[in-house]
Structure formats: C-alpha cells, structure tokens
Amino acid sequence: MSEPVYAERDGDIATIVLNRPERMNALDKAMWMKLGTVMRELDADDALRCIVLRGAGGKAFAAGADISEFANERANAAQAQRYGEDIAGSMRSLALCRHPTVALIEGACVGGGLLIASQCDLRLCNESARFGVPVKNLGLTEAYDELQGMMRVIGPAASLEILLEGRIWGAREAYEKGLVSRVMPDAEVVKETYAAARRIADGAPLVARWHKKFIRRLADPRPLSAEEHAESYACFDTEDFRAGYRAFLQKKKPRFTGR
C-alpha cells in the first residue's frame, strides 16, 4: 500500500496505518490531513465497533513531525498557526471519534506521535517502545490543541516533566506515568492489542459510545444538567440492553445491533 495513511477493515474492527516506515512514520502535512479525513470517514460508519491506530514497519508508531518541511510549511508564526490548525482538526477528529480507539505502539512514539497516541482511548505498547516530546531541542512549542490529550491522560506535572526535560524514555516509565495501559513482549503486542480490540468490539456499541461521552463530560467542571443525568439511563430503553440481559440470564453470548 503506497498511501501514507490508510484504513483496513476486518469485520467490525478498522485499522488506521501511518505508512511512512522509511521515515519512522514521521508525519508531514499531507499525512496530518489524511489522518483527519480517514478518521471522519470511519466515525460515520455505523457498522464499526473499534479502531486500532498503528505505524507501519514495526519499528515506530510515529517519530513526530517531518522536520524537513518546516522551512516551507512552518517558517514563521503565521505559517505555523495555519499548519497547527490543520493538525488540531485531525487531533479533534481522533479525540471526538464516537468509536473506541486503541493505539498499538511499537518502537518510537515521539513528539506528534505521542500526542496522537494520547488522543486514543487505550494505548498498548511493546517493551521496545520509546517515548518523549523533545521539542525544546528544536526551539518550538506544542500548541494548546496539541497538548490537550497528553495532559488529560497523565496530568500537568508529568506533562511538564516531559516537555521541560525533553528526554526519551522507555515503556516501563510510560506505564508508570499512566501513558500506556499495558506493556507486552515485542512478539505479542500485535496479537494482544487486537485481542483487546475484539473485546471492545464484542460489547454493546451504544454503551461504549455513551461511556466515552460521559467520561469526557465529567472532566468538565460545569454541573451536569437534568438532561445529561437522564441520558445516563437511556441505555435501558435500547434493544441492546434487552438483548444483553436476556443473554446473560440464558448464559449465551449477546448479539448487539447498536439499537
């Protein structure tokens, strides 16, 4: 596949591949734009149950942005802001996707790659994974839109440590910081990540979407409205609820339809 970002389907699970292995999947502007386009297309697919995001080649999830294009695309503040708005649009498409998202991290997950992974709902990595946001060495900042996901996952203290020191660190430290959910042997990470995706996909899809929405809403300090409180019980009026509890009582595997 020659496309720099593309999606594959295996039933109700989709995989988005960052496909530039010769550059450690470093993202140029075209890749950022394509990532947003692919995410929006998958978000609109009612038959989908889970999305896995990974890098091609097995040696990198993504090694940040393609610095070679900075001279033409991010040479000054005005250019950088326009470029950043494009990045922010793709980040929002990933963060707000209604389907559960899982980052399958092998090898380098640095800079923009780490920020992409932070927008996913789960992050699983291999023991060889490496992390960091060393932008201090380039003399540039990560914009507000780019930092939101990382800070939501690991908090302000760890985010500042990562940005101020700019060092590269390993999988165990990523687990200790709460950035990744699990660390697995290199030979098992792909199998185990897709096993996690299958467990997600086998659940009631409306429940997964509601839980994503509720968790994000609870991060907002505003009081919940009466309508929002009521929505947290809406599942009891769905066909999936009736199918789920009947299957449980009958000791059968439920078949959910998303209705």
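Structure first, text after, so check above.
What you see is a predicted model; the values in this text were computed from it and never measured. Residue numbers here run from 1 along each chain, matching the order of that chain's written sequence. Per-residue local features are limited, in this predicted model, to residues with pLDDT of at least 70; the limit for side-chain atom pairs, both in listing and counting, is 80 or more; totals at the level of whole chains, interfaces and linings are taken over all residues. Excluding hydrogens and water, the side-chain figures rest on all heavy atoms present in the structure.

What's the story with the side chain of R49 in this structure? I'm lost.
Secondary structure elements are taken from DSSP: a helix is a run of H or I of four residues or more, a strand is a run of E of two residues or more, and numbering for both begins at the N terminus. Relative to the helices and strands, R49 resides in the loop between α1 (29–43) and β3 (50–55). No salt bridge is formed by the buried R49. Its closest oppositely charged neighbour is D12, at 5.0 Å. Polar contacts, as used here, are pairs of N or O atoms within 3.5 Å; protein pairs need one atom able to donate a hydrogen and one able to accept it. Residues neighboring in sequence count only if both atoms are side-chain atoms. A distance of 2.8 Å separates the side chain of R49 from the backbone oxygen of D46, its partner in a polar contact. Not counting residues up to four positions away in its chain, the partners in contact with R49 are D12, P100, I200, A201, P205, R209, F256, T257 and G258. Burial status follows relative accessibility: with a 1.4 Å probe on protein chains alone, a residue under 20% of its type maximum counts as buried, one over 50% as exposed, and anything between as partly exposed. Charge assignment in this entry is limited to Lys and Arg as positive and Asp and Glu as negative, and neither His nor the chain termini are counted. The rule for a salt bridge is simple: a side-chain nitrogen of Lys or Arg has to be within 4 Å of a carboxyl oxygen of Asp or Glu. By definition, residues are in contact when any of their heavy atoms lie within 4.5 Å.

Even after reading the chapter, I still don't get the pattern of salt bridges, so can you show me in this structure?
Two side chains carrying opposite charge are able to pair once their charged atoms lie near each other. Following the criterion strictly, the structure yields 21 salt bridges and no others. Ionic pairing is found between D86 and K29, a salt bridge with its closest N-O pair at 3.7 Å. Placement of the pair is D86 in helix α3 (residues 77–95) and K29 in helix α1, with a sequence separation of 57 residues. K29 sits in the partly exposed class, given a relative accessible area of 28%. R222 serves as the salt-bridge partner of D220, at 2.7 Å between the closest nitrogen and oxygen. Each of E161, E165, R167, E173 and K177 takes part in one network of salt bridges that share partners.

Hey, could you run me through α1 in this one?
An α-helix turns once every 3.6 residues. As a result, residues three or four positions apart point the same way. Any helix carries an expected span of 1.5 Å times its number of residues minus one. For α1, spanning 15 residues, the distance from its first C-alpha to its last is 21 Å, which sits close to the expected 21 Å at 1.5 Å a residue. Tucked into the core, α1 has its buried residues touching β1 (5–10), β2 (13–18), β3, α3, β5 (101–105) and α4 (112–118).

It is not clear to me how the nonpolar core should be interpreted in this structure. Could you clarify?
Within soluble globular proteins, side chains that are nonpolar tend to cluster in buried spots. Judged by nonpolar contacts, the single largest core of 45 residues is most densely connected at I16, F61, I105, L114, I116 and F131. Considering every element that reaches this core, the biggest residue donor is α1, with six residues. Sequence-distant contacts of L114, defined by excluding residues within four places in its chain, comprise C109, F131, G132, V133, M150, W169 and L179. We define a nonpolar core as any set of buried Ala, Val, Leu, Ile, Met, Phe, Trp, Tyr and Cys residues linked to one another through side-chain atoms lying within 4.5 Å. Membership of the second largest hydrophobic core comes to eleven residues, among which are C50, L104, L124 and A201.

Explanation requested: the sheet that holds β2 in the structure shown.
What links the strands of a sheet is backbone hydrogen bonding, and the strands pair in either a parallel or an antiparallel sense. In space, the six strands of this open sheet follow the order β1-β2-β3-β5-β7-β10, with mixed pairing throughout. The two strands at the open ends of the sheet, each matched to only one other strand, are β1 and β10 (182–184). Across the sheet, the axes of successive neighbouring strands diverge by a mean angle of 20°, strand direction being ignored. Inspection of the sheet shows β3 paired to β5 by four bridges, in the parallel sense. Counted as the bridge partner of R54 is L104 from β5. Comment: axis = line fitted to C-alpha atoms, over the contacting stretch for helices; angle = value between 0 and 180 degrees taken between N-to-C directions. Lying on the sheet, α1 is in contact with β1, β2, β3 and β5; it crosses β2 at an angle near 175°. In this description, strands pair whenever DSSP reports at least two bridges between them.

Could you clarify how one ought to interpret the packing of aromatic side chains in this entry?
When we look at a pair of aromatic rings, we describe it by the centre distance and by the angle of the planes. Ring pairs are drawn from Phe, Tyr and Trp, using the six-membered ring of Trp, whenever the two centres fall within 6.5 Å, and their geometry is named by plane angle: stacked under 30 degrees, edge-to-face over 60, tilted for the rest. Evaluation of the coordinates by the stated rule reveals three aromatic pairs. Ring geometry for F131 against W169: centres 5.5 Å apart, planes inclined by 25°, an arrangement best described as stacked. In this pair, F131 is assigned in strand β8 (residues 130–132) and W169 in strand β9 (residues 169–170), connecting sequence segments 38 residues apart. A relative accessible area of 1% places F131 in the buried class. Here F236 and F241 contribute two aromatic rings whose centre-to-centre distance is 4.9 Å and whose plane-to-plane angle is 65°, an arrangement assigned as edge-to-face. Given the relative accessible area of 45%, F236 is considered partly exposed. By relative accessible area, which is 30% here, F241 ends up partly exposed. An aromatic cluster is built from F236, F241 and Y245, whose rings are joined through pairwise contacts.

No statement about biological role is implied by the geometric values presented.
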